[in-house]
Amino acid sequence: MAYEFILVDAQVAPCVAIIQLNRPTELNALNLQLMGEIRDALLDLDANESVRAIVITGNDRAFAAGADIKQMAGRTSVDMLKIDQFSTWDSIRKTKKPLIAAVSGFALGGGCELCMLCDMIVASETAQFGQPEINIGVMPGAGGTQRLTRAVGKVRAMEMVLTGKFISAEEAMEAGLINKIVPVELYLEEAIKLAGEIATKSPIAVQMAKESVLKAFDSHLQEGLYFERKNFYMLFATEDQKEGMAAFVEKRKANFKGK
Ligand code: CO8
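Residues numbered from 1 in each chain as written. Predicted model: local features only at pLDDT ≥ 70, side-chain atom pairs only at ≥ 80, totals over all residues. Heavy atoms only, no water.

Enquirer: Describe in detail the side chain of lysine 210, supporting the description with residues and values.
Expert: Within the secondary structure, lysine 210 sits in helix H10 (residues 203-215). Assessed through its relative accessible area of 11%, lysine 210 is described here as buried. In this structure the side chain of lysine 210 is engaged in a polar contact, spanning 2.9 Å, whose partner is the backbone oxygen of threonine 95. Excluding residues within four positions of it along the chain, lysine 210 makes contact with Thr95, Lys96, Lys97, Pro98, Leu99 and Asp119. (Helix = DSSP H or I, 4+ residues; strand = E, 2+ residues; numbered from the N terminus. Buried < 20%, exposed > 50% of the residue type's maximum accessible area, 1.4 Å probe, protein only. Polar contact = N/O pair within 3.5 Å; in protein donor to acceptor, adjacent residues only side chain to side chain. Contact = heavy atoms within 4.5 Å.)

As structure tokens, then:
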């Protein structure tokens, strides 16, 4: 498929795909078309059996500096309601395969929310995270008050959302927002490596496990535990479970086929 604002490589490494946001002169500001392209690419990659993990990245200067303010500026509440841009975000959230954000430079507003929509975040030491919507008279709209609060806790989230101040990669690491920090020349490689490691596991087990971890965010503990248990039992119906456990017993490397 031809895209205008993203670049897609379905095999950047074995079983690993990458989506690169490609609107560099606007610091990858997330206009409606760009978000739609990410959604379409993810639907495509989710259905592609040779892909087992997906990296989403920007460039060294910016992962994404937020929603496209120029596109949004003149809109009314009713326009926003009718455009219903968050159905695109809901579709991205439903991606079954693991998503790893490789972040360098600015991850602000919708950009920070997009990387929090991913399952893991690998950051360069230049990364900066923020929810600066308060500076332009609005507030986060794509999960910034919810996912950020769950990730970093109430007081840090309040400070970021109410002051609009950015936090550094180091602060984000300390707050539990990101998985690791690496030098700028390595963040993409590290993210691809992490995706590659997950891609060697059973894709069905990975899918069930991802779904179960995400369930922790929208359920009470007991409900989440039941959900986890059902997925756990279900995995015993897969060939990958037989192969994985047999390989352990036989002291060899497992060969997972996603069956
Ligand atoms: N929207 C549109 N254009 C942008 C954006 C943006 N969010 N961010 C940067 N740009 C453009 C600039 O206008 C500029 O364009 P031009 O050269 O034509 O003037 C170009 O990118 C380069 O930017 P700067 O010259 O400003 O670069 P600096 O290095 O001086 O500053 C900053 C970088 C600090 C990142 C600065 O650009 C900035 O503050 N950007 C806005 C950050 C922001 O407020 N983000 C939140 C936006 S609102 C939001 O995300 C709400 C999310 C709700 C739901 C999500 C839906 C997708």
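From this point on, the discussion continues.
Enquirer: Outline the domain arrangement of the protein, supporting the account with residue identities and numerical values.
Expert: Split by domain assignment, the protein resolves into domain 1 (6-199) and domain 2 (203-249). Inter-centroid distance (C-alpha atoms) of domain 1 to domain 2 is 26 Å. Taken together, the nine residues of domain 1 in the interface contact six residues of domain 2. Taken together, the links from domain 1 to domain 2 amount to one salt bridge. With a shortest N-O distance of 2.8 Å, lysine 210 and aspartate 119 are connected by a salt bridge. (Domains from an automatic or database assignment. Salt bridge = Lys/Arg side-chain N within 4 Å of Asp/Glu carboxyl O.)

Enquirer: So what's going on with the pairing of strand S1 (residues 6-13)? Which residues, and what values?
Expert: Where S1 lies against strand S2 (residues 16-21), five bridges are found, and the strand directions are antiparallel. Bridging across to S2, valine 8 finds its partner in isoleucine 19. Linking S1 to S2, which pair antiparallel, is a turn of two residues; within it cysteine 15 sits at a positive phi near 65 degrees. (Pairing = 2+ DSSP bridges.)

Enquirer: Describe helix H1 (residues 32-46), listing the residues and the values that go with them.
Expert: Note on helix geometry: an α-helix contains 3.6 residues per turn, so any two residues three or four positions apart are oriented the same way. Taking 1.5 Å as the rise per residue, H1 with 15 residues should run 21 Å; its terminal C-alpha atoms sit 21 Å apart, in good agreement. Every buried residue of H1 is listed here: Leu34, Met35, Gly36, Glu37, Ile38, Ala41, Leu42, Leu45 and Asp46. At its buried positions, H1 is contacted by S1, S2, strand S3 (53-57), helix H4 (86-93), strand S5 (99-103) and helix H5 (110-117). (Expected span 1.5 Å × (residues − 1).)

Enquirer: Help me get a handle on the nonpolar core, residues and values and all.
Expert: Residues Ile38, Phe63, Val103, Leu114, Phe129 and Leu177 are the most contacted members of the largest nonpolar core, which totals 46 residues. Ranked by residue count, the leading element in this core is H1, at six residues. (Core = buried A, V, L, I, M, F, W, Y, C linked by side-chain atoms within 4.5 Å.)

Enquirer: Explain the sheet that holds strand S7 (residues 120-124) residue by residue, including any values.
Expert: Read across the sheet, six strands follow the order S1-S2-S3-S5-S7-S10 without closing on themselves; strand pairing throughout is mixed. Of all the strands in the sheet, the pair left with one neighbour each is S1 and strand S10 (180-182). In this sheet, adjacent strand axes meet at a mean angle of 20 degrees when their direction is disregarded. (Axes fitted to C-alpha atoms, helices over the stretch in contact; angles between N-to-C directions.)

Enquirer: Describe the packing of aromatic side chains, and please don't skip the residues or the numbers.
Expert: Enumeration according to the criterion identifies three aromatic pairs in this entry. Here the aromatic rings of phenylalanine 106 and phenylalanine 166 are separated by 6.4 Å at their centres, their planes lie at 75 degrees, and the arrangement is edge-to-face. Of the two residues, phenylalanine 106 is situated in strand S6 (residues 106-108) and phenylalanine 166 in the loop between helix H7 (154-163) and strand S9 (167-168); the sequence distance between them amounts to 60 residues. For phenylalanine 166, a relative accessible area of 36% translates into the label partly exposed. Each ring, one from phenylalanine 232 and one from phenylalanine 236, has its centre 5.3 Å from the other, and the planes form 70 degrees; the classification is edge-to-face. Assessed through its relative accessible area of 49%, phenylalanine 232 is described here as partly exposed. Overall, phenylalanine 236 belongs to the partly exposed group, its relative accessible area being 37%. (Phe/Tyr/Trp six-rings, centres within 6.5 Å; stacked < 30°, edge-to-face > 60°.)

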